[in-house]
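# Commentary on secondary and tertiary structure
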Amino acid sequence: MKKLLIILAAVLCLTACKKETDDTPQPVGDKSTVRFDFNPYQMEPMKGGTKNASLSTVCSRLDVYIIDTVAADTLRFHQERVTTPGFGSLTATLQTTKTYKLVAVGHNTDDTCTFNGGIVSFADDKVKQSLVSVVTFTPADSLNLHVVMQRIVGMFKLRIADPDEEFANVAKFQFTIDSAYNRWNVNTSHGSVLTSRVHTITGSNRGSDGYVTYNVYIIPDNLTDIRHVDITVSALDANDQPVETRQFPSVPVKAGYVTKYTGTFFITFDMSFLFEVGDWGELSDTSF
């Protein structure tokens, strides 16, 4: 009985596959060509209702590892949206008698991710939009696998209502998360390597909604629980001196969810001070 493995994400065309003559996978002796389709599932939609979206609208890179569960041999496929035709679909010729483990990582970092010892890590430990899927399959069961990819990050969204003149001396925003994960363990579906993390965003473009918005991605403990983190946000000038700093204590973060903070960021006002010393006050008057 064939199993249908379902997972929503985008479509990636195997980098090693130079051309396809037929979209239907065909058995080759004891080997079969298996097709993988990747489409992300949004636990909480970021733009309205729950929907499936093309991976290319969510991520700029897709790294796939297909591991022989017995021999531990690994096939690696790395795709970049701007250079890979058919980004989002993948075909691979595999032994029909073997069982494989597929690890797929979609992300928006500047380089391919690293997968070692079950741990996914990103270049310079920078965390951006990231989705992961882990599937164990046998080609004999199905030659078409629809792979569901799930976000391993939550989003802290800061929406600033201040007028443009408040940003005149601001060159960048610096976000310091007191305790966040930099990596992901695919075997346990948990965050890995807990540390203080600093994320810097330059520029201050105002959106059509009237707000200047900054998005910071944070890896929580796991895929289901809420993690609370303290976030310090500093608006810095060109010399990295703070123009304004705000504290956001106990921010709730959950994989696939957005936590929005909307309001006025710049709250410090220029004031003048006059210092005077009054006469001695009388504490007590005791007769003797």
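Values in this document were obtained by computation on a predicted structure and should not be read as measured data. Residue numbers here run from 1 along each chain, matching the order of that chain's written sequence. Confidence filtering applies because this is a predicted model: local features only for residues at pLDDT of at least 70, side-chain atom pairs given and counted only at 80 or more, and all residues used for totals across whole chains, interfaces and linings. By convention in this description, side-chain values take in all heavy atoms of the structure and omit both hydrogens and water.

## So, the overall build of the protein
Under the DSSP-based scheme used, a helix requires at least four consecutive residues in state H or I and a strand at least two consecutive residues in state E, with every element numbered from the N terminus. What the protein contains, in helices and strands, is zero helices and 17 strands. Per-residue accessibility, obtained with a 1.4 Å probe over protein chains only, is compared with the maximum for each type, and a residue is labelled buried under 20%, exposed over 50%, and partly exposed between these values. Relative to its 288 residues, the protein shows a buried fraction of 44%. Working rule for contacts: check all heavy atoms of both residues, and any pair within 4.5 Å makes them a contact. Intrachain contacts of the protein at a sequence separation of at least 6 include 72% that bridge at least 24 residues. About 15700 Å² of surface is accessible on the protein, with carbon and sulfur atoms providing 49% of the total. Reported accessibility uses the Shrake-Rupley method at a 1.4 Å probe radius. Residues are deemed covered only where the shown protein chains occlude them.

## Regarding the packing of aromatic side chains
Paired rings are identified among Phe, Tyr and Trp, the last through its six-membered ring, by centres lying within 6.5 Å, and are further divided according to the angle between planes into stacked (under 30 degrees), edge-to-face (over 60) and tilted (the rest). Scanning the entire structure with this criterion turns up 12 aromatic pairs. Between the aromatic rings of phenylalanine 167 and phenylalanine 173, the centroid separation amounts to 6.2 Å while the plane-to-plane angle is 40 degrees, which identifies the pairing as tilted. Each member of the pair, phenylalanine 167 as well as phenylalanine 173, is classed as buried. Centroid distance phenylalanine 248 to tyrosine 261: 5.2 Å. Interplanar angle 80 degrees. Geometry classified as edge-to-face. Placement of phenylalanine 248 in strand 16 (residues 242-253) and of tyrosine 261 in strand 17 (residues 258-263) is noted, with a sequence separation of 13 residues between them. When its relative accessible area of 9% is taken as the criterion, phenylalanine 248 is described as buried. Judged by relative accessible area, tyrosine 261 falls into the partly exposed class, the value being 24%.

## Side note on the sheet that holds strand 11 (residues 154-160)
Pairs of strands are assigned from DSSP output, requiring at least two bridges between the strands. The sheet built from three strands is open, its strands ordered 14-11-17 with mixed pairing. Lying at the two open borders of the sheet, with one neighbouring strand each, are strand 14 (212-218) and strand 17. Averaged over all pairs of adjacent strands, the angle between strand axes in this sheet comes to 15 degrees, irrespective of strand direction. Pairing geometry for strand 11 and strand 17, over six bridges, is parallel. Each bridged residue has a counterpart across the sheet, and for leucine 158 the counterpart in strand 17 is tyrosine 261. Interaxial angles span 0 to 180 degrees and are taken between N-to-C directions of axes, which are lines fitted to C-alpha atoms, for helices over the stretch in contact.

## A word on the pattern of salt bridges
Proximity of charged atoms lets side chains of opposite charge pair with each other. Just to be clear on terms, a salt bridge is a Lys or Arg side-chain nitrogen sitting within 4 Å of an Asp or Glu carboxyl oxygen. Evaluation of the coordinates by the stated rule reveals seven salt bridges. For arginine 159, the salt bridge goes to aspartate 209, with nearest N and O atoms at 3.2 Å. Taken as a pair, arginine 159 in strand 11 and aspartate 209 in the loop between strand 13 (190-202) and strand 14 lie far apart in primary sequence, 50 residues in all. Residue aspartate 209 is classed as partly exposed on the basis of its relative accessible area of 43%.

## Quick notes on unusual backbone geometry
Even without being glycine, valine 193 reaches a positive phi, approximately 65 degrees. When you line up the elements, valine 193 lands in strand 13. Despite not being glycine, aspartate 240 shows a phi value in the positive range, around 65 degrees. Its location among the elements puts aspartate 240 in the loop between strand 15 (227-236) and strand 16.

## Remarks on the confidence of the model for the protein
Per-chain confidence: the protein averages 81 in pLDDT, with 77% of residues scoring 70 or above. For every residue, the predictor states its confidence as a pLDDT score lying anywhere from 0 to 100. Looking at the elements of the protein, mean pLDDT is at its lowest for strand 1 (residues 27-28), recorded as 47, and at its highest for strand 8 (residues 119-121), recorded as 97. Contacts of residues 1-28 to residues separated by more than four positions or lying in other chains number 90 contacts, the stretch itself having pLDDT below 50. Taken together, the stretch residues 283-288 has pLDDT below 50 and engages in zero contacts with residues farther than four places along the chain or on a different chain.

## Focus on the nonpolar core
Within the largest apolar cluster, 24 residues are counted, with the highest numbers of intra-cluster contacts made by Phe36, Phe38, Val64, Ile66, Leu94, Leu102 and Phe137. For this core, the secondary structure elements donating two or more residues are strand 2 (31-41), strand 3 (61-68), strand 5 (89-95), strand 6 (100-107), strand 9 (130-137) and strand 10 (144-151). When near neighbours in sequence (up to four residues on either side) are disregarded, leucine 94 contacts Asp30, Lys31, Ser32, Val34, Phe36, Ile66, Leu75, Tyr100, Phe137 and Pro139. Core analysis: the second largest hydrophobic core is formed by 23 residues, Leu158, Phe167, Val170 and Val251 among them. Remark: nonpolar core denotes a set of buried residues (Ala, Val, Leu, Ile, Met, Phe, Trp, Tyr, Cys) joined through side-chain atoms within 4.5 Å.

## Observations concerning the side chain of histidine 199
Mapped onto the elements of the fold, histidine 199 is located in strand 13. Note on histidine 199: relative accessible area 16%, which makes it buried.

## Some words on the pairing of strand 16
Bridge count between strand 15 and strand 16: nine bridges; the pairing is antiparallel. Paired with serine 234 across the two strands is threonine 245, which belongs to strand 16. Between the antiparallel neighbours strand 15 and strand 16 lie five residues, among them aspartate 240 with a positive phi of about 65 degrees.

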